[in-house]
Amino acid sequence: MKLVCVQRYLVITFHRITQFDRTLWNDDYVEYLFVSAKTQQWRNSIGLMRLTKPTLFTNMPVTCEDRDLPGDLFGRLMKEDPSTIKGAETLMLGEMLTLPQNFGNIFLGETFSSYISVHNDSIQVVKDILVKADLQTSSQRLNLSASNNAVTELKPECCIDDVIHHEVKEIGTHILVCAVSYTTQAGEKLYFRKFFKFQVLKPLDVKTKFYNAETDEVFLEAQIQNITTSPMFMEKVSLEPSMMYNVTELNTVDTGDEGTSTFGKMSYLQPMDTRQYLYCLKPKPEFAEKAGVIKGVTVIGKLDIVWKTNLGERGRLQTSQLQRMAPGYGDVRLSLEMIPDTVNLEEPFDITCKITNCSERTMDLVLEMCNTRSIHWCGVSGRQLGKVSPSASLTLPLKLLSSVQGLQSISGLRLTDTFLKRTYEYDDIAQVCVVCPYMSRET
Amino acid sequence: IEALMSPHPVSTLPPSSNVLFQEESIDLGGESFITPQEDSHSTPSESLMDKLNDQMMESVMISDSPNNSEEDDVVPMDNLLEHFEEQVEEPTTQPVVKDASLEEKKQAVEEKQVIVAFSVPAVTPEVRTPSPGRPKPQTGEPIPVCTIFSQGSQPKVQALVPDGFQPTLIKSPSFSSGSGGGTDITPSKLAPLVCQPSPSLSKFFTDSGHVNPATDFFDSFTTSSFISVSNPNAESPESAAPPEHQLSVPSGSSLSTSGPTESSTATHSSPFGPAQVEATPRPPQQAAAESAPARPQPFAQLQVVFSGGDDPFAKALNMSEADKRYDAWLPSEVTRKVLVSVATQQYSQVLGERERLAMPGLKFDNLQGDAVKDLMVRFMGEQAALKRQVLTADAVGQSFLGLKQLISTKNWRAAVDLTGRLLTAHGQGYGKAGQPTSHTTDSLQLWFVRLALLTKLSLFQNAEMELEPFGNLDHPDLYYEYYPAIYPGRRGSMVPFSMRVLHAELPQYLGKPQESLDRLHSMRTVCQTILKNLEQGLAEDGSMISLTQENRQASLQLWRSRLSRVMYSMANCLLMMKDYVLAVEIYHSIIQYEPQQRLQLLSGIGRIFLQIGDVKTADKYFQDVEKASLEKGRGPTDTCVLMNRAFVYLSQNNYSEAHSAFTDVLKIDSKNPVANNNAAVCLLYLGRLKESLRQLEGLVQQDPALYLHESVLFNLTTMYELESSRSTQKKQALLESVACREGDSFNTQCLKLV
């Protein structure tokens, strides 16, 4: 069925009229519009306007003192100006709302809202008006119209209004297609469309880093960068852990009742600013037992980010599931159960090690302790630890002392499996702070 | 266990992994992202005009081809897009300010030549020293010798004229027939050719016997006797033939309107005794009129007479406390030394280093123009445009009075022109920059007004150009001490404080906010030092001069308010820079200086947080406002509280509640333009375009004085464009109502006709 009429006239009223439109229409086209406007009596127009939040009007204070030439003139002009704050005219940020002036940028996770107004510019009633708004993305076409029912009739100077909303879930080119079909009094079926193209940009850059603690805890450091051009208030940046973990957010410092943010007083991100969020994930008890033997890729969880910009314009994004490669512990894992944080110089102290057999076979282990420049082990090196079956572990108290002050790394443990004659080396197991006791006594 | 232990076989994971967003499946490699333009989100730094200049980068509209009728056709994306790619990356910047085009300049210079002469009575202390580099007088060159009024206060007369000027005098449309020598020339014959005494002035000076009107007139600007300063840069009246046109510029110097002084009204009556003197230069006037037929500007003639008699010592005593208070400033060390050497007569002004002097001059010519009228010609034709009548610089007295008239009728472009003429009369006209000149209280006030108006008109580059010769406003010749002969005993800055504020604020509008901050910080330091001096029992400048308790209090009050003005500027500048943390801090600290602005400031801070998107913190500030309002006994129905509530609703996307909160404000204050406008804006977001339009249109029709504001008109035209294809007609209707009411400074961009 051919719906198009030869004399069909399309009026484009678009609120962001700038030079842009003129460059788009070459002269011939404008001419065509002009001619048809005169001859055509059935005219409909469709207006589109992206409804971003309105903005607050700012005025420019110019003041003088009574003694200056203009006297109270400047002051009076500012008082009479409806956009100034009465009583504080020098305050720049006013209260007057102004409608969005241009399309602006739209970012992934934000809501695209648009006003669609179909107006009967003709002098006759038109019938059976059907307005359809579709959003074409690179992968799909979505229908955004609130209703798909035709309006029976539209009188002259009347309009059909619709406000559409769509949460943007794809990056890249989007095209809003507004289609209007209607029937004139003469029974002619007319149809026109209007396209509106926009780009959806990425608002944030997220980088993550994992740290595996020896205690089976996993620390996640997430760097979130605002790559938009406006400040962004981060309303929520949380980690939704996978079923294996419990999460603790480490982004507040507890002071009294309420924690204060580690980011200071203002919780917004300037354009191109980056923030580091830190999370601590602990395996749930039922998974903790197995943690030592968990291998390969594990799912940690996903970040949920909610931000707001001008006057509460909201956006929300979730990252994909963050995955981490579980650290490989080799055949034998040595972890620390207990270690003091500060010890005295040249004074023996105790640590407790846990040795877990992560292999599939039974091992017969011998422990050697090698002194380093600063760490001196106490006790016999080369002692037999006995047989350890797969997944079993044994706890081992050890004594050592440090001959050097400062932060010292504990190294020098060697385990040898006598069955396979294989030696496993354990260096930099932990750090300990070595202080001089005499110094501290004096102070 | 506190130690983190890195496992012995180092983790094989890459240290950072890029997180993929859920939907990020599209390959964007080939896609050239458009660099995000300045975001639409409002920032205080963007003036509305800037926003209007923003070009939309990504929006594209096309009509489908007539053959493409199947609505279910999914248009292949590539086809749709390929046409638009070029469009997307158009240059966006548009120069806001256009200089007067070069070819016009020469002509401009000629027109500028003024036309103004003051006769310098012999009584005048002649300070003029012909400088060797002075340009030779050309034929037809004007003879601008400036006559100036000196400082001093006349409290008694002041009391008679509390307003400072008499508005009734302005109204007479043409010069009165009784005006002395000018009467025999009919206005029609004269029309563009001959000097026409400005109505107000002629009225003053015809009746020489009656002293009071004249005193009244001059009292609007000055309060005591006159002193003439001949500007070394100006032509001498003797050498340059009979003055063609004599313009009387009552450049009253002292603008002090307050302050107790001791001198009597007697000094006032004397200047106007010999008003007959003006008859002397008049005969050449007619000849001049013929010799320069092209001259468009008729000028009034005024003979300024001086009061002699007062000896310098008496004058020094007369220098009012108010002057001291207002003029106080702390010059830089270098400048201070120069000023000391001037005082001890070790400094020769002639030999003074030129680079250390401020030598301003007009940098561009007539701004005169009326964008509203241009639009009318374009859209409605010449005939309709004739209806548009605005005051021009020609239509008012060539005086401060005329200037004020232009400003108050919002004809700021014309007012800028008038300041140009008056400055030309002072020898600081077009092309005079870099030539030696001398400053007076008046000339600097004129510069201030000119620059303030340029700023108001958003002609920032022009303002910057003309401010440039003033440097950092610290040249020695910008202090009274530099002119001991003319301003005996007077000390302090000739540059008005407001001009310093303007000078400091200007760079921020030209993309140099750091420079603004630097200047504002040094101004703040001076204000704080002066306040400290006052608190320590010293005079403002730190000298040991004792002040009466009353004067000290007045001075403290003045300098506190100045400090808070500087703080406001700093906060505003920081807001433009989007440094919200500091901006909020400074706005907060202003409360201690301006406790009566507490509610407004707290609400303002709340709005800043809303702008950032931090609704929670904003709400905290709004609750503080509510508490403070309760303490004041105004209760929760205070408009300010309701307004804040509406903004919170708005930020929660709750437009219907926001609308009813704005409507509640209107129940208390039905004339509140902000609430009216904002309620209409909410209606649009609720999908009620027609209602919103009706409301705004009604407002503009009922109360144009309040609603012909660029923000309201901008909203209205935006909605017209959304509504229908006939928006241009409706916009023209708006243009017509603007034409009836608004002056030449109206920003026509908000009508979006072009």
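The name an unreviewed UniProt entry assigns to chain B is Trafficking protein particle complex subunit 12, from the organism Esox lucius. Check the Subunit (unreviewed entry) section of the UniProt entry for chain B; it says "Component of the multisubunit TRAPP (transport protein particle) complex, which includes at least TRAPPC2, TRAPPC2L, TRAPPC3, TRAPPC3L, TRAPPC4, TRAPPC5, TRAPPC8, TRAPPC9, TRAPPC10, TRAPPC11 and TRAPPC12. Interacts with CENPE." Its UniProt record, at the heading Function (unreviewed entry), says of chain B: "Component of the TRAPP complex, which is involved in endoplasmic reticulum to Golgi apparatus trafficking at a very early stage. Also plays a role in chromosome congression, kinetochore assembly and stability and controls the recruitment of CENPE to the kinetochores."

In the annotation of an unreviewed UniProt entry, chain A is listed under the name Trafficking protein particle complex subunit 13 and assigned to Esox lucius. Among the UniProt annotations of chain A, the heading Subunit (unreviewed entry) holds the following wording: "Part of the multisubunit TRAPP (transport protein particle) complex." Within the UniProt record for chain A, the comment given under Sequence similarities (unreviewed entry) is "Belongs to the TRAPPC13 family."

(A) Spotlight on the overall build of chain B. A tally of regular secondary structure across chain B gives 31 helices and three strands. Taking all 754 residues of chain B together, 57% fall into the buried category. When the accessible surface of chain B is totalled, it reaches about 30,900 Å², and 53% of it is carbon and sulfur.

(B) Region of interest: the side chain of R500 of chain B. Residue and element names in this part refer to chain B. By the secondary structure assignment, R500 is in helix 19 (residues 497-509). Buried charge without a salt bridge: R500, with D474 as the nearest opposite-charge side chain at an N-O distance of 5.8 Å. Only 2.9 Å separates the side chain of R500 from the side chain of S493, close enough to count as a polar contact. Every residue in contact with R500, bar those within four places of it in the chain, is listed here: W329, N472, L473, Y479, S493, V495 and M523.

(C) Quick peek at the sheet that holds strand 29 (residues 383-388) of chain A. Residues and elements named next belong to chain A. Pairing within the open sheet is antiparallel, and its four strands lie in the order 29-27-32-33. Two strands bound the open sheet, and with one partner strand each, they are strand 29 and strand 33 (422-426). Shown here is a sheet whose adjacent strand axes are inclined to one another by a mean of 25°, direction ignored.

(D) Local environment of the confidence of the model for chain A. Averaged over chain A, the pLDDT score is 82; the fraction of residues at 70 or greater is 86%. The low-confidence segment residues 1-42 of chain A (pLDDT under 50) makes 103 contacts with residues lying over four places distant or belonging to another chain.

(E) Seen up close, helix 16 (residues 412-425) of chain B. The terminal C-alpha atoms of helix 16 of chain B lie 20 Å apart, and with 14 residues this matches the ideal 20 Å at 1.5 Å per residue to within 8%. Taking burial as the measure, the 14 residues of helix 16 of chain B include 13 buried ones, the bulk of the element.

(F) Fine view of the nonpolar core. By size, the foremost hydrophobic cluster in this structure holds 170 residues, and its most contacted members are F74 of chain A together with I407, F470, M499, W559, Y587 and L684 of chain B. Per-element accounting of this core gives the leading share, 13 residues, to helix 21 (residues 549-576) of chain B. Not counting the four nearest positions on each side in its chain, I407 of chain B is found in contact with L73, F74 and L77 of chain A together with W412, A415, V449 and L453 of chain B.

(G) Molecular detail of the pattern of salt bridges. In this structure the tally under the stated criterion is 38 salt bridges over all chains. For D304 of chain A, the salt bridge goes to R316 of chain A, with nearest N and O atoms at 2.7 Å. Here R316 of chain A lies in strand 22 (residues 314-318) and D304 of chain A lies in strand 21 (residues 297-308), a separation of 12 residues in the sequence. R316 of chain A gets classed as partly exposed once you look at its relative accessible area, which sits at 34%. Look at the salt bridges and you will find they share partners, linking R67 of chain A together with D323, D327 and R490 of chain B into a network.

(H) Examining the side chain of H659 of chain B more closely. All names here are of chain B. Mapped onto the fold, H659 is located in helix 26 (residues 655-668). With a relative accessible area of 16%, H659 lands in the buried category. Excluding residues that lie within four positions of it along the chain, H659 makes contacts with A679, C682, L683 and L686.

(I) Examining the UniProt feature "repeat: TPR" (unreviewed entry) in chain B more closely. Residue and element names in this part refer to chain B. With numbering aligned to this structure, UniProt lists the feature "repeat: TPR" (unreviewed entry) at residues 564-597 and 639-672. Between the C-alpha atoms that bound residues 564-597 the distance is 11 Å, and the span itself is 71% helix and 0% strand. As a span, residues 639-672 carries 79% helix and 0% strand, and end to end its C-alpha atoms are 9 Å apart.

(J) Expanded view of the pairing of strand 24 (residues 332-338) of chain A. Residue and element names in this part refer to chain A. With five of seven residues buried, strand 24 is to be regarded as a mostly interior element. With six bridges connecting them, strand 24 and strand 26 (residues 349-357) associate as antiparallel partners. Looking at the pairing, S335 lines up with K354 of strand 26.

(K) Examining the sheet that holds strand 25 (residues 342-344) of chain A more closely. All names here are of chain A. Taken in spatial order, the three strands line up as 25-34-31 in an open sheet, and their pairing is mixed. One side of each edge strand has no neighbouring strand; the edge strands of this open sheet are strand 25 and strand 31 (406-410). In this sheet, neighbouring strand axes are inclined to one another by 40° on average, regardless of whether the strands run parallel or antiparallel. Inspection of the sheet shows strand 25 paired to strand 34 (residues 430-435) by three bridges, in the parallel sense. Residue pairing across strands places V343 opposite V434, the latter belonging to strand 34.

(L) Region of the structure containing unusual backbone geometry. All names here are of chain A. A positive phi is found at M272, a non-glycine position, where the angle reads about 70°. Along the chain, the position of M272 falls in the loop between strand 19 (268-269) and strand 20 (274-283). A positive phi angle is found at K421, which is not glycine, with a value near 55°. Turning to its location among the elements, K421 is positioned in the loop between strand 32 (413-417) and strand 33.

(M) Summary view of the packing of aromatic side chains. Applying the stated rule across the entire model yields 21 aromatic pairs over all chains. With a centroid separation of 6.3 Å and 80° between ring planes, the pair formed by Y182 of chain A and F192 of chain A is classed as edge-to-face. Of this pair, Y182 of chain A sits in strand 11 (residues 172-183) while F192 of chain A sits in strand 12 (residues 189-201), placing them 10 residues apart in sequence. The exposure class of Y182 of chain A is buried, given its relative accessible area of 3%. Given a relative accessible area of 0%, F192 of chain A falls into the buried group. Pairing Y268 of chain A with Y580 of chain B gives two aromatic rings, centres 5.4 Å apart and planes at 80°, and the pair type is edge-to-face. Separated into two different chains, Y268 of chain A in strand 19 and Y580 of chain B in helix 22 (residues 580-590) make up a pair that spans both. Judged by its relative accessible area of 10%, Y268 of chain A falls in the buried class. When its relative accessible area of 2% is taken as the criterion, Y580 of chain B is described as buried.

How each quantity is defined
Residues numbered from 1 in each chain as written. Chains lettered and ligands numbered in written order. Predicted model: local features only at pLDDT ≥ 70, side-chain atom pairs only at ≥ 80, totals over all residues. Heavy atoms only, no water. UniProt positions renumbered as here; feature names shortened; annotations may be inferred. Helix = DSSP H or I, 4+ residues; strand = E, 2+ residues; numbered from the N terminus. Buried < 20%, exposed > 50% of the residue type's maximum accessible area, 1.4 Å probe, protein only. Areas by Shrake-Rupley, 256 points an atom, 1.4 Å probe, with all protein chains shown as cover. Lys, Arg positive; Asp, Glu negative; His and termini not counted. Salt bridge = Lys/Arg side-chain N within 4 Å of Asp/Glu carboxyl O. Polar contact = N/O pair within 3.5 Å; in protein donor to acceptor, adjacent residues only side chain to side chain. Contact = heavy atoms within 4.5 Å. Pairing = 2+ DSSP bridges. Axes fitted to C-alpha atoms, helices over the stretch in contact; angles between N-to-C directions. pLDDT = per-residue confidence, 0-100. Expected span 1.5 Å × (residues − 1). Core = buried A, V, L, I, M, F, W, Y, C linked by side-chain atoms within 4.5 Å. Phe/Tyr/Trp six-rings, centres within 6.5 Å; stacked < 30°, edge-to-face > 60°.

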